[in-house]
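# Fold and contact review
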Amino acid sequence: VSSSDQMLNLSRIEEFIQRKMSLSRIPGLSISIISPDGAYSRGFGFRDVEKGLPATSRTVYGIGSITKSFTALAVMKLVEEGRISLDDEISKYVPVDIRPFGEPIRIKHLLTHTSGIPALGYAEAFIRGSLDLDTSWLPVASADDIIAFMRGSEEWAVSRPGERFFYLNEGYVLLGRIIERASGMRYEDYIRKNIITPLGMRRTYFDASTDPDVASPYILDREMRHVRSRFPYGITADGGILSNPLDMANYVRMYINRGGGIVSKDSIELMEKKHADVPDKLFGDDGYGYGLMITEEFLGRKMVFHSGSVLVHTAFMGYIPEREVGVVVMCNSSGYPPSFIGMYALAVAMGEDPMKLKFIKEDEIMERLQGIYETYKGCYRVCVRKRGGLLYLEYRDKYTESSSPLIPVEVNEDHARFYTLSYGRRIDVEFSISERVEMTYERYKMVRSGSCL
(Lines give C-alpha, C1' and ligand atoms only; values in the text may rest on other atoms or scores of the structure.)
Protein backbone atom coordinates (compact mmCIF):
# COMPACT_ATOMS: atom_id res chain seq x y z
CA VAL A 1 0.00 0.00 0.00
CA SER A 2 1.43 3.40 -0.96
CA SER A 3 2.02 6.08 1.66
CA SER A 4 -0.72 8.23 0.09
CA ASP A 5 -3.17 5.30 0.36
CA GLN A 6 -2.16 4.80 3.99
CA MET A 7 -2.78 8.47 4.74
CA LEU A 8 -6.17 8.27 3.03
CA ASN A 9 -7.07 5.19 5.05
CA LEU A 10 -6.00 6.82 8.32
CA SER A 11 -7.95 9.97 7.44
CA ARG A 12 -11.06 7.87 6.85
CA ILE A 13 -10.65 6.15 10.23
CA GLU A 14 -10.01 9.43 12.04
CA GLU A 15 -13.06 11.09 10.48
CA PHE A 16 -15.23 8.13 11.50
CA ILE A 17 -13.92 8.21 15.07
CA GLN A 18 -14.44 11.94 15.53
CA ARG A 19 -17.96 11.78 14.09
CA LYS A 20 -19.01 8.89 16.34
CA MET A 21 -17.44 10.53 19.40
CA SER A 22 -19.33 13.73 18.66
CA LEU A 23 -22.67 11.99 18.13
CA SER A 24 -22.41 9.83 21.27
CA ARG A 25 -20.50 12.45 23.31
CA ILE A 26 -17.53 10.23 24.19
CA PRO A 27 -15.07 12.51 26.05
CA GLY A 28 -11.83 10.80 25.03
CA LEU A 29 -10.62 7.87 22.94
CA SER A 30 -7.23 6.35 22.17
CA ILE A 31 -6.43 3.79 19.49
CA SER A 32 -3.59 1.63 18.21
CA ILE A 33 -3.69 -0.08 14.80
CA ILE A 34 -1.12 -2.84 14.43
CA SER A 35 0.15 -3.98 11.03
CA PRO A 36 3.24 -5.73 9.64
CA ASP A 37 4.63 -2.27 8.86
CA GLY A 38 4.37 -1.04 12.45
CA ALA A 39 1.69 0.65 14.54
CA TYR A 40 -0.39 3.80 14.27
CA SER A 41 -1.42 5.23 17.63
CA ARG A 42 -3.09 8.46 18.69
CA GLY A 43 -5.65 9.97 21.00
CA PHE A 44 -8.85 11.90 20.31
CA GLY A 45 -10.71 14.30 22.57
CA PHE A 46 -10.10 14.71 26.28
CA ARG A 47 -8.68 12.47 28.94
CA ASP A 48 -9.88 15.17 31.37
CA VAL A 49 -12.70 17.42 30.19
CA GLU A 50 -12.61 19.87 33.11
CA LYS A 51 -8.86 20.53 32.81
CA GLY A 52 -8.84 20.41 29.00
CA LEU A 53 -6.18 17.67 28.96
CA PRO A 54 -6.01 15.72 25.67
CA ALA A 55 -6.16 11.95 25.30
CA THR A 56 -2.98 10.54 23.75
CA SER A 57 -1.59 7.21 22.58
CA ARG A 58 -0.10 6.86 26.08
CA THR A 59 -3.25 7.54 28.09
CA VAL A 60 -4.22 4.75 30.49
CA TYR A 61 -7.75 3.27 30.56
CA GLY A 62 -9.40 0.28 32.18
CA ILE A 63 -9.72 -2.58 29.68
CA GLY A 64 -12.53 -4.37 31.55
CA SER A 65 -13.18 -7.91 30.39
CA ILE A 66 -10.27 -7.94 27.96
CA THR A 67 -8.52 -8.87 31.22
CA LYS A 68 -10.09 -12.31 30.80
CA SER A 69 -7.66 -13.03 27.95
CA PHE A 70 -4.74 -12.35 30.33
CA THR A 71 -6.27 -14.75 32.85
CA ALA A 72 -6.81 -17.42 30.19
CA LEU A 73 -3.24 -16.93 28.93
CA ALA A 74 -1.92 -17.45 32.46
CA VAL A 75 -3.96 -20.66 32.77
CA MET A 76 -2.47 -21.94 29.51
CA LYS A 77 1.03 -21.20 30.78
CA LEU A 78 0.36 -23.19 33.94
CA VAL A 79 -1.02 -26.04 31.81
CA GLU A 80 2.19 -26.04 29.74
CA GLU A 81 4.22 -26.17 32.95
CA GLY A 82 2.21 -29.18 34.11
CA ARG A 83 0.88 -27.44 37.22
CA ILE A 84 -2.79 -27.77 36.26
CA SER A 85 -4.96 -29.57 33.72
CA LEU A 86 -7.89 -28.09 31.83
CA ASP A 87 -9.87 -31.13 32.95
CA ASP A 88 -9.19 -30.55 36.65
CA GLU A 89 -12.26 -30.05 38.80
CA ILE A 90 -12.28 -26.55 40.26
CA SER A 91 -12.91 -27.96 43.75
CA LYS A 92 -9.30 -29.18 43.67
CA TYR A 93 -8.15 -25.57 43.99
CA VAL A 94 -10.99 -23.51 45.46
CA PRO A 95 -13.20 -24.31 48.47
CA VAL A 96 -16.45 -24.34 46.53
CA ASP A 97 -17.98 -27.53 45.23
CA ILE A 98 -20.73 -26.37 42.89
CA ARG A 99 -22.14 -29.28 40.87
CA PRO A 100 -24.81 -28.23 38.39
CA PHE A 101 -27.20 -31.18 38.02
CA GLY A 102 -24.71 -33.26 40.00
CA GLU A 103 -21.76 -32.82 37.61
CA PRO A 104 -18.46 -31.13 38.51
CA ILE A 105 -17.29 -27.85 36.98
CA ARG A 106 -13.85 -28.11 35.42
CA ILE A 107 -11.28 -25.43 34.59
CA LYS A 108 -12.14 -25.62 30.88
CA HIS A 109 -15.77 -24.85 31.72
CA LEU A 110 -14.81 -21.62 33.49
CA LEU A 111 -12.55 -20.60 30.57
CA THR A 112 -15.40 -21.04 28.07
CA HIS A 113 -18.27 -19.75 30.25
CA THR A 114 -19.95 -23.16 30.08
CA SER A 115 -20.22 -23.93 33.81
CA GLY A 116 -24.00 -24.21 33.47
CA ILE A 117 -24.52 -21.28 35.85
CA PRO A 118 -25.98 -18.10 34.30
CA ALA A 119 -24.58 -14.68 35.19
CA LEU A 120 -25.06 -14.08 38.91
CA GLY A 121 -24.68 -10.31 38.51
CA TYR A 122 -21.85 -9.68 40.97
CA ALA A 123 -19.89 -7.42 38.60
CA GLU A 124 -22.94 -5.36 37.67
CA ALA A 125 -23.90 -4.90 41.33
CA PHE A 126 -20.33 -4.10 42.37
CA ILE A 127 -19.65 -1.58 39.59
CA ARG A 128 -22.99 0.22 39.85
CA GLY A 129 -22.79 0.26 43.62
CA SER A 130 -19.21 1.56 43.75
CA LEU A 131 -20.06 4.30 41.22
CA ASP A 132 -23.12 5.27 43.29
CA LEU A 133 -25.47 4.50 40.41
CA ASP A 134 -27.64 2.09 42.38
CA THR A 135 -28.82 1.78 45.94
CA SER A 136 -27.79 -1.89 46.07
CA TRP A 137 -24.42 -2.64 47.64
CA LEU A 138 -22.51 -5.89 47.25
CA PRO A 139 -19.35 -5.84 49.41
CA VAL A 140 -17.07 -8.15 47.44
CA ALA A 141 -13.41 -7.15 47.63
CA SER A 142 -11.67 -10.49 47.11
CA ALA A 143 -11.98 -13.90 45.51
CA ASP A 144 -12.89 -15.25 48.95
CA ASP A 145 -15.89 -12.92 49.00
CA ILE A 146 -16.95 -14.24 45.60
CA ILE A 147 -16.55 -17.84 46.78
CA ALA A 148 -18.87 -17.06 49.69
CA PHE A 149 -21.26 -15.26 47.32
CA MET A 150 -21.39 -18.28 44.98
CA ARG A 151 -22.13 -20.95 47.56
CA GLY A 152 -25.62 -22.26 46.86
CA SER A 153 -25.57 -21.05 43.26
CA GLU A 154 -25.84 -24.59 41.88
CA GLU A 155 -29.58 -24.23 42.53
CA TRP A 156 -29.40 -21.39 39.98
CA ALA A 157 -27.89 -23.66 37.30
CA VAL A 158 -29.79 -24.13 34.06
CA SER A 159 -27.62 -26.72 32.31
CA ARG A 160 -24.90 -29.27 32.90
CA PRO A 161 -21.28 -28.11 32.60
CA GLY A 162 -20.15 -27.93 28.98
CA GLU A 163 -23.64 -27.70 27.47
CA ARG A 164 -24.48 -23.99 27.22
CA PHE A 165 -22.71 -20.63 27.14
CA PHE A 166 -23.55 -18.21 29.96
CA TYR A 167 -21.09 -15.34 30.36
CA LEU A 168 -19.97 -15.64 33.98
CA ASN A 169 -17.67 -13.00 35.48
CA GLU A 170 -17.60 -14.98 38.72
CA GLY A 171 -16.03 -17.90 36.85
CA TYR A 172 -12.99 -15.83 35.92
CA VAL A 173 -12.63 -14.66 39.51
CA LEU A 174 -12.37 -18.34 40.44
CA LEU A 175 -9.76 -18.83 37.69
CA GLY A 176 -7.73 -16.06 39.32
CA ARG A 177 -7.77 -17.96 42.59
CA ILE A 178 -6.84 -21.20 40.78
CA ILE A 179 -3.83 -19.39 39.27
CA GLU A 180 -2.80 -18.34 42.77
CA ARG A 181 -3.12 -21.85 44.21
CA ALA A 182 -1.24 -23.47 41.32
CA SER A 183 1.57 -20.89 41.11
CA GLY A 184 2.02 -19.98 44.77
CA MET A 185 1.85 -16.29 43.78
CA ARG A 186 -0.75 -13.55 43.99
CA TYR A 187 -2.73 -13.36 40.75
CA GLU A 188 -1.52 -9.83 40.07
CA ASP A 189 2.13 -10.79 40.66
CA TYR A 190 1.85 -13.82 38.37
CA ILE A 191 0.35 -11.79 35.53
CA ARG A 192 2.94 -9.04 35.99
CA LYS A 193 5.91 -11.44 36.06
CA ASN A 194 4.82 -13.78 33.26
CA ILE A 195 2.92 -11.54 30.82
CA ILE A 196 3.16 -7.80 31.49
CA THR A 197 6.91 -7.51 32.14
CA PRO A 198 8.14 -9.87 29.39
CA LEU A 199 6.03 -7.96 26.83
CA GLY A 200 7.46 -4.61 27.88
CA MET A 201 4.07 -3.31 29.03
CA ARG A 202 5.62 -0.78 31.40
CA ARG A 203 2.45 1.18 32.11
CA THR A 204 -0.03 -1.63 32.54
CA TYR A 205 -1.46 -1.82 36.03
CA PHE A 206 -3.93 -3.21 38.51
CA ASP A 207 -3.82 0.17 40.26
CA ALA A 208 -3.04 3.20 38.10
CA SER A 209 -3.74 5.84 40.75
CA THR A 210 -0.15 7.17 40.66
CA ASP A 211 0.14 7.42 36.87
CA PRO A 212 -0.10 11.06 35.67
CA ASP A 213 -1.77 10.17 32.36
CA VAL A 214 -4.90 8.22 33.34
CA ALA A 215 -8.20 8.96 31.60
CA SER A 216 -10.71 10.53 33.96
CA PRO A 217 -13.85 8.35 34.12
CA TYR A 218 -17.17 9.81 32.98
CA ILE A 219 -20.84 8.90 33.00
CA LEU A 220 -23.30 10.45 30.56
CA ASP A 221 -26.48 11.55 32.32
CA ARG A 222 -29.97 11.62 30.80
CA GLU A 223 -29.24 14.97 29.16
CA MET A 224 -25.98 13.54 27.72
CA ARG A 225 -23.84 15.73 29.99
CA HIS A 226 -20.44 14.51 31.17
CA VAL A 227 -20.53 13.62 34.86
CA ARG A 228 -17.11 12.97 36.37
CA SER A 229 -17.06 9.67 38.24
CA ARG A 230 -14.45 7.32 39.72
CA PHE A 231 -12.83 4.10 38.61
CA PRO A 232 -14.33 0.94 40.20
CA TYR A 233 -11.19 -0.68 41.56
CA GLY A 234 -11.89 -4.15 42.92
CA ILE A 235 -11.37 -7.79 42.03
CA THR A 236 -8.93 -8.09 39.16
CA ALA A 237 -9.00 -11.49 37.39
CA ASP A 238 -12.23 -10.88 35.47
CA GLY A 239 -11.78 -7.23 34.51
CA GLY A 240 -9.29 -5.25 36.60
CA ILE A 241 -6.37 -4.42 34.29
CA LEU A 242 -5.62 -0.84 33.18
CA SER A 243 -3.36 -0.21 30.21
CA ASN A 244 -2.69 2.09 27.27
CA PRO A 245 -2.77 1.62 23.48
CA LEU A 246 1.02 1.32 23.08
CA ASP A 247 1.30 -1.42 25.71
CA MET A 248 -1.76 -3.20 24.35
CA ALA A 249 -0.23 -3.13 20.87
CA ASN A 250 2.60 -5.27 22.30
CA TYR A 251 0.00 -7.62 23.76
CA VAL A 252 -1.84 -7.99 20.43
CA ARG A 253 1.45 -8.62 18.61
CA MET A 254 2.13 -11.49 20.99
CA TYR A 255 -1.01 -13.26 19.71
CA ILE A 256 -0.25 -12.41 16.09
CA ASN A 257 3.28 -13.80 16.57
CA ARG A 258 1.78 -17.01 17.98
CA GLY A 259 2.82 -16.67 21.60
CA GLY A 260 5.81 -14.36 21.55
CA GLY A 261 7.71 -16.44 24.08
CA ILE A 262 4.90 -16.31 26.64
CA VAL A 263 3.24 -19.59 25.64
CA SER A 264 3.50 -21.98 22.70
CA LYS A 265 1.81 -21.60 19.33
CA ASP A 266 -0.35 -24.62 20.24
CA SER A 267 -1.68 -22.84 23.32
CA ILE A 268 -2.52 -19.70 21.34
CA GLU A 269 -4.37 -21.73 18.75
CA LEU A 270 -6.26 -23.56 21.50
CA MET A 271 -7.30 -20.19 22.94
CA GLU A 272 -8.46 -19.10 19.47
CA LYS A 273 -10.52 -22.24 18.85
CA LYS A 274 -14.31 -22.08 19.24
CA HIS A 275 -15.13 -24.22 22.26
CA ALA A 276 -18.60 -22.79 22.94
CA ASP A 277 -21.38 -21.49 20.73
CA VAL A 278 -22.39 -17.93 21.59
CA PRO A 279 -26.15 -17.22 21.40
CA ASP A 280 -26.00 -13.46 20.69
CA LYS A 281 -24.16 -13.56 17.38
CA LEU A 282 -22.92 -10.49 15.53
CA PHE A 283 -21.58 -12.42 12.54
CA GLY A 284 -23.69 -15.59 12.61
CA ASP A 285 -20.93 -17.99 13.62
CA ASP A 286 -19.53 -16.34 16.76
CA GLY A 287 -17.94 -18.64 19.31
CA TYR A 288 -15.96 -18.38 22.55
CA GLY A 289 -12.51 -19.86 22.99
CA TYR A 290 -10.41 -19.40 26.11
CA GLY A 291 -10.83 -15.75 27.11
CA LEU A 292 -11.35 -14.76 23.48
CA MET A 293 -14.23 -14.46 20.99
CA ILE A 294 -13.85 -15.86 17.48
CA THR A 295 -15.59 -15.48 14.13
CA GLU A 296 -14.59 -16.85 10.73
CA GLU A 297 -16.89 -14.38 8.97
CA PHE A 298 -15.21 -11.01 9.37
CA LEU A 299 -15.16 -10.00 5.72
CA GLY A 300 -14.32 -13.62 4.90
CA ARG A 301 -11.50 -13.92 7.43
CA LYS A 302 -10.98 -15.13 10.98
CA MET A 303 -11.10 -12.41 13.62
CA VAL A 304 -10.24 -12.92 17.29
CA PHE A 305 -11.55 -10.27 19.66
CA HIS A 306 -12.91 -9.25 23.05
CA SER A 307 -14.67 -6.19 24.45
CA GLY A 308 -14.47 -4.73 27.91
CA SER A 309 -16.52 -2.30 30.00
CA VAL A 310 -16.59 -0.99 33.54
CA LEU A 311 -19.17 1.64 32.45
CA VAL A 312 -16.83 4.60 32.92
CA HIS A 313 -14.09 3.03 30.76
CA THR A 314 -14.74 0.83 27.72
CA ALA A 315 -12.38 -0.99 25.36
CA PHE A 316 -12.02 -3.37 22.43
CA MET A 317 -9.21 -5.60 21.19
CA GLY A 318 -9.30 -7.47 17.88
CA TYR A 319 -6.91 -8.96 15.35
CA ILE A 320 -6.86 -10.88 12.07
CA PRO A 321 -4.19 -13.61 12.42
CA GLU A 322 -4.00 -14.26 8.66
CA ARG A 323 -3.34 -10.61 7.80
CA GLU A 324 -1.25 -9.82 10.92
CA VAL A 325 -3.32 -6.72 11.64
CA GLY A 326 -4.90 -5.76 14.93
CA VAL A 327 -6.52 -2.90 16.78
CA VAL A 328 -7.05 -1.65 20.33
CA VAL A 329 -9.66 1.04 21.12
CA MET A 330 -10.08 2.58 24.58
CA CYS A 331 -12.61 5.19 25.81
CA ASN A 332 -13.32 7.01 29.08
CA SER A 333 -17.10 6.59 29.00
CA SER A 334 -19.78 4.37 27.57
CA GLY A 335 -21.31 5.42 24.27
CA TYR A 336 -20.78 4.32 20.69
CA PRO A 337 -19.33 0.77 20.96
CA PRO A 338 -15.52 0.74 20.75
CA SER A 339 -15.96 -2.65 19.08
CA PHE A 340 -17.64 -0.97 16.08
CA ILE A 341 -14.83 1.59 15.85
CA GLY A 342 -12.24 -1.19 16.12
CA MET A 343 -13.88 -3.33 13.44
CA TYR A 344 -14.26 -0.31 11.16
CA ALA A 345 -10.52 0.34 11.57
CA LEU A 346 -9.64 -3.32 10.93
CA ALA A 347 -11.66 -3.32 7.72
CA VAL A 348 -9.97 -0.16 6.45
CA ALA A 349 -6.54 -1.45 7.50
CA MET A 350 -7.13 -4.54 5.34
CA GLY A 351 -8.16 -2.41 2.37
CA GLU A 352 -11.80 -3.46 2.67
CA ASP A 353 -14.92 -1.29 2.60
CA PRO A 354 -16.25 -1.14 6.20
CA MET A 355 -19.74 -0.58 4.78
CA LYS A 356 -19.67 -4.29 3.94
CA LEU A 357 -20.10 -4.85 7.68
CA LYS A 358 -23.86 -5.06 8.10
CA PHE A 359 -23.96 -3.49 11.56
CA ILE A 360 -21.80 -0.52 10.47
CA LYS A 361 -23.90 0.09 7.37
CA GLU A 362 -27.21 -0.15 9.23
CA ASP A 363 -25.97 2.12 12.02
CA GLU A 364 -24.91 4.76 9.50
CA ILE A 365 -28.30 4.63 7.75
CA MET A 366 -30.19 4.86 11.05
CA GLU A 367 -28.20 7.95 11.99
CA ARG A 368 -29.32 9.57 8.74
CA LEU A 369 -32.97 8.83 9.56
CA GLN A 370 -32.94 10.94 12.73
CA GLY A 371 -34.95 14.15 12.76
CA ILE A 372 -38.32 15.86 13.05
CA TYR A 373 -41.00 14.38 10.78
CA GLU A 374 -44.24 16.20 10.07
CA THR A 375 -47.50 15.59 8.21
CA TYR A 376 -49.19 17.75 5.60
CA LYS A 377 -48.57 21.44 6.36
CA GLY A 378 -46.93 20.52 9.68
CA CYS A 379 -50.19 19.58 11.41
CA TYR A 380 -48.59 16.75 13.42
CA ARG A 381 -44.93 16.27 14.35
CA VAL A 382 -42.87 13.47 15.85
CA CYS A 383 -39.14 13.05 16.46
CA VAL A 384 -37.09 10.03 15.36
CA ARG A 385 -34.01 9.81 17.56
CA LYS A 386 -31.23 7.22 17.79
CA ARG A 387 -30.34 6.01 21.28
CA GLY A 388 -27.95 3.14 21.71
CA GLY A 389 -28.39 0.84 18.74
CA LEU A 390 -32.05 1.62 18.08
CA LEU A 391 -34.22 4.37 16.65
CA TYR A 392 -37.05 5.68 18.84
CA LEU A 393 -40.25 7.41 17.75
CA GLU A 394 -40.84 10.21 20.25
CA TYR A 395 -43.79 12.52 20.79
CA ARG A 396 -43.98 15.31 23.34
CA ASP A 397 -46.49 18.05 24.12
CA LYS A 398 -47.09 20.31 27.10
CA TYR A 399 -48.29 17.53 29.39
CA THR A 400 -47.39 14.16 27.88
CA GLU A 401 -44.54 12.38 26.19
CA SER A 402 -44.01 8.94 24.69
CA SER A 403 -41.11 6.99 23.23
CA SER A 404 -41.43 3.78 21.21
CA PRO A 405 -38.50 1.70 19.88
CA LEU A 406 -38.40 1.02 16.15
CA ILE A 407 -37.33 -2.60 15.61
CA PRO A 408 -35.43 -2.98 12.31
CA VAL A 409 -36.74 -5.44 9.73
CA GLU A 410 -34.78 -4.35 6.66
CA VAL A 411 -32.36 -1.43 6.42
CA ASN A 412 -31.06 -0.36 3.01
CA GLU A 413 -29.63 2.87 1.63
CA ASP A 414 -32.84 3.86 -0.17
CA HIS A 415 -35.50 2.09 1.88
CA ALA A 416 -35.84 0.93 5.49
CA ARG A 417 -38.58 -0.98 7.30
CA PHE A 418 -39.16 -1.11 11.04
CA TYR A 419 -42.03 -1.91 13.36
CA THR A 420 -43.17 -0.74 16.77
CA LEU A 421 -45.83 -1.92 19.22
CA SER A 422 -48.78 0.03 20.57
CA TYR A 423 -51.27 -1.57 22.97
CA GLY A 424 -50.55 -5.02 21.60
CA ARG A 425 -50.72 -3.95 17.95
CA ARG A 426 -47.78 -4.17 15.57
CA ILE A 427 -47.40 -0.98 13.57
CA ASP A 428 -45.14 -0.90 10.52
CA VAL A 429 -42.90 2.11 9.99
CA GLU A 430 -41.26 2.61 6.60
CA PHE A 431 -38.74 5.14 5.34
CA SER A 432 -38.09 6.16 1.77
CA ILE A 433 -34.59 7.65 1.57
CA SER A 434 -33.51 10.01 -1.20
CA GLU A 435 -32.83 13.76 -1.28
CA ARG A 436 -35.80 14.04 1.04
CA VAL A 437 -36.67 11.39 3.61
CA GLU A 438 -40.29 10.28 3.94
CA MET A 439 -41.78 8.12 6.69
CA THR A 440 -45.00 6.15 6.53
CA TYR A 441 -46.27 5.55 10.05
CA GLU A 442 -49.69 4.12 10.90
CA ARG A 443 -52.13 6.36 8.93
CA TYR A 444 -49.62 9.13 8.32
CA LYS A 445 -47.20 10.08 5.59
CA MET A 446 -44.54 12.31 7.14
CA VAL A 447 -41.57 14.20 5.73
CA ARG A 448 -38.35 14.96 7.61
CA SER A 449 -38.21 18.73 8.14
CA GLY A 450 -35.33 19.29 10.56
CA SER A 451 -33.34 18.03 13.51
CA CYS A 452 -34.70 16.96 16.88
CA LEU A 453 -33.93 19.38 19.70
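Residues numbered from 1 in each chain as written. Predicted model: local features only at pLDDT ≥ 70, side-chain atom pairs only at ≥ 80, totals over all residues. Heavy atoms only, no water.

### Side note on the overall build of the protein chain
- Each helix and strand counted, the protein chain has 11 helices and 21 strands in total.
- Taken over the C-alpha trace, the protein chain has a radius of gyration of 23 Å; the compact-globule value for 453 residues is 22 Å, and the two agree within 12%.
- Its C-alpha atoms give the protein chain principal-axis dimensions of about 75 × 55 × 45 Å.
- Taking all 453 residues of the protein chain together, the buried fraction comes to 53%.
- Taking as baseline every contact in the protein chain between residues at least 6 positions apart, the subset at least 24 positions apart corresponds to 59%.
- For the protein chain, the exposed surface amounts to about 20,600 Å²; the carbon and sulfur share of it is 48%. (Helix = DSSP H or I, 4+ residues; strand = E, 2+ residues; numbered from the N terminus. Rg over C-alpha atoms; globule rule 2.2 N^0.38 Å. Buried < 20%, exposed > 50% of the residue type's maximum accessible area, 1.4 Å probe, protein only. Contact = heavy atoms within 4.5 Å. Areas by Shrake-Rupley, 256 points an atom, 1.4 Å probe, with all protein chains shown as cover.)

### Thoughts on the packing of aromatic side chains
- This model, assessed by the stated rule, comprises 19 aromatic pairs.
- Measuring from ring centre to ring centre gives 5.7 Å for Tyr380 and Tyr395, while their planes differ by 45°; the resulting arrangement is tilted. On the criterion of sequence distance, the pair formed by Tyr380 in the loop between β14 (371-374) and β15 (381-387) and Tyr395 in strand β16 (residues 390-396) is long-range, its members being 15 residues apart.
- Classification of Tyr395 by relative accessible area gives partly exposed; the value is 28%.
- Among the aromatic residues, those joined into a cluster by ring pairs are Phe16, Phe283, Phe298, Phe305, Phe316, Tyr336, Phe340, Tyr344 and Phe359.
- We note Arg42 situated over the ring of Phe44; from NZ or CZ to the ring centre the distance is 3.8 Å. (Phe/Tyr/Trp six-rings, centres within 6.5 Å; stacked < 30°, edge-to-face > 60°. Lys NZ or Arg CZ within 6 Å of the ring centre and 35° of its normal.)

### Details of the sheet that holds strand β20 (residues 437-441)
- Taken in spatial order, the eight strands close into a barrel running β14-β15-β16-β17-β18-β19-β20-β21, and their pairing is antiparallel. Here the average twist between neighbouring strands, direction ignored, is 30°.
- With five bridges joining them, β15 and β16 adopt antiparallel strand pairing. What sits directly across from Arg387, in β16, is Leu390. (Pairing = 2+ DSSP bridges. Axes fitted to C-alpha atoms, helices over the stretch in contact; angles between N-to-C directions.)

### Looking at the packing of helix α2 (residues 67-80) against helix α7 (residues 187-196)
- Two numbers describe how α2 lies on α7: the axes approach to 11 Å, and their chain directions differ by 80°. Between α2 and α7, the interaxial angle falls into the category roughly perpendicular. Along its contact with α2, which presents Thr67, Phe70, Thr71, Leu73, Ala74, Lys77 and Leu78, the element α7 presents Tyr187, Tyr190, Ile191, Asn194 and Ile195.
- Residues belonging to the contact of α2 with α7 are distributed by class as follows: eight nonpolar, three polar and one charged. (Parallel < 35°, antiparallel > 145°, perpendicular 65-115°, else oblique. Nonpolar A, V, L, I, M, F, W, Y, C, P; charged D, E, K, R; others polar.)

### Considerations on the nonpolar core
- Counting residues in hydrophobic clusters, the biggest one holds 123 residues, and the most contacted among them are Ile31, Leu73, Met248, Tyr251 and Phe298.
- With eight residues, the top contributor of residues to this core is helix α10 (residues 338-349).
- Leave out the neighbours within four places in its chain, and Leu73 touches Ile195, Tyr251, Met254, Tyr255, Ile262, Val263, Ile268 and Met271.
- The next biggest cluster of nonpolar side chains, apart from the first, holds 20 residues, and it includes Leu369, Val411, Phe431 and Ile433. (Core = buried A, V, L, I, M, F, W, Y, C linked by side-chain atoms within 4.5 Å.)

### Regarding the pattern of salt bridges
- In the structure shown here, the tally under the stated rule is 45 salt bridges.
- With its nearest N and O atoms 2.6 Å apart, the salt bridge here joins Arg228 to Glu50. Of this pair, Arg228 sits in strand β6 (residues 226-228) while Glu50 sits in the loop between β2 (38-48) and β3 (53-54), placing them 178 residues apart in sequence.
- We classify Glu50 as partly exposed; its relative accessible area is 49%.
- In this structure, the salt-bridge partner of Lys445 is Glu438, at a minimum N-O distance of 3.8 Å.
- Overlapping salt bridges bring together Glu15, Arg19, Lys20, Asp363, Glu364, Glu367 and Lys386 as one network. (Salt bridge = Lys/Arg side-chain N within 4 Å of Asp/Glu carboxyl O.)

### What about the side chain of Thr112?
- As for its placement among the helices and strands, Thr112 is situated in the loop between α3 (107-111) and α4 (122-130).
- Contacts of Thr112, omitting those with residues within four sequence positions, involve Phe165, His275, Ala276, Tyr288, Gly289 and Tyr290.

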